[in-house]
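Geometric and topological summary
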Amino acid sequence: MKKILLPLAVLIAGAGVGGAAAYGTTLITGGSPVEQGVSVEERGDTAFVPATEVVAPLVTVDGRLAGYVQFEMQLEVAAGQVEFVTARLPLLLHAINMRTYKTPMAAGPDGMLPDLATFRAIVMAAAPEAFGRNVVKAAALTQAVPA
């Protein structure tokens, strides 16, 4: 009888502790992401516009050219803005190029790895110049390879 009660008690105690931990985490973080997020009606329909391949220089902190990297990215925009954004992609590429040559993006021991967070910040800073404010909601980097 003791052989059955001990594992059963451990199972019940584990479920109780786990449930209490989940409840406590929910209280600390303020609810589930679905409850915190913006509803679909408020957000509206979005679409991803594929940007052409972007070749950017990898510049080290001291301003030295370490190499080049080729990025593929997708821009999240409102569904009604897809044609507008697609037509103005060359302006975005120009704005990105004007920022990347003077921004240190090289990472890693040999400087041949791109810093993706820095490049994403460059894209988001260049987007208002090419498309206007609040057109691009997010930039998703889908690939980065040495060029």
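The notes below deal with the structure included here. None of these values were measured; they are calculated from a predicted model. (Residues numbered from 1 in each chain as written. Predicted model: local features only at pLDDT ≥ 70, side-chain atom pairs only at ≥ 80, totals over all residues. Heavy atoms only, no water.)

Another aspect to go through is the nonpolar core. Counting residues in each nonpolar core, the largest one holds 28 residues, and the members touching the most others are Met73, Leu75, Leu92, Ile96, Phe119 and Phe131. Within the residue set of this core, elements represented by two or more residues are β2 (54-59), β3 (65-78), α5 (89-100), α6 (116-131) and β6 (136-146). Sort the elements by how many residues they give to this core and α6 lands first, with seven residues. Met73 has contacts with Val49, Pro50, Ala51, Val54, Leu92, Ile96, Phe119, Val123, Ala140, Leu141 and Thr142, leaving out every residue within four places of it along the chain. (Core = buried A, V, L, I, M, F, W, Y, C linked by side-chain atoms within 4.5 Å. Buried < 20%, exposed > 50% of the residue type's maximum accessible area, 1.4 Å probe, protein only. Helix = DSSP H or I, 4+ residues; strand = E, 2+ residues; numbered from the N terminus. Contact = heavy atoms within 4.5 Å.)

In this section: the side chain of Thr60. Relative to the elements of secondary structure, Thr60 occurs in the loop between β2 and β3. Its relative accessible area of 10% is what places Thr60 among the buried residues. Reaching out from Thr60, the side chain makes a polar contact with the side chain of Asp62 at a distance of 2.3 Å. Residues within four places of Thr60 in sequence aside, it is in contact with Ala66, Pro104 and Ala106. (Polar contact = N/O pair within 3.5 Å; in protein donor to acceptor, adjacent residues only side chain to side chain.)

Before going further, it helps to spend a moment on the environment of Phe84. Note on placement: Phe84 falls in helix α4 (residues 82-87). Along the primary structure Phe84 and Val135 are separated by 51 residues, whereas in three dimensions their C-alpha atoms are 9.8 Å apart.

With 16 residues, α6 ought to run about 22 Å at 1.5 Å a step, and its terminal C-alpha atoms sit 22 Å apart, in line with that. Where α6 is concerned, the buried positions are Thr118, Phe119, Ile122, Val123, Ala126, Ala127, Ala130 and Phe131. Gly132 sits one or two positions beyond α6 and adopts a positive phi of about 100°. (Expected span 1.5 Å × (residues − 1).)

In short, shape yes, function no, at least from these values alone.
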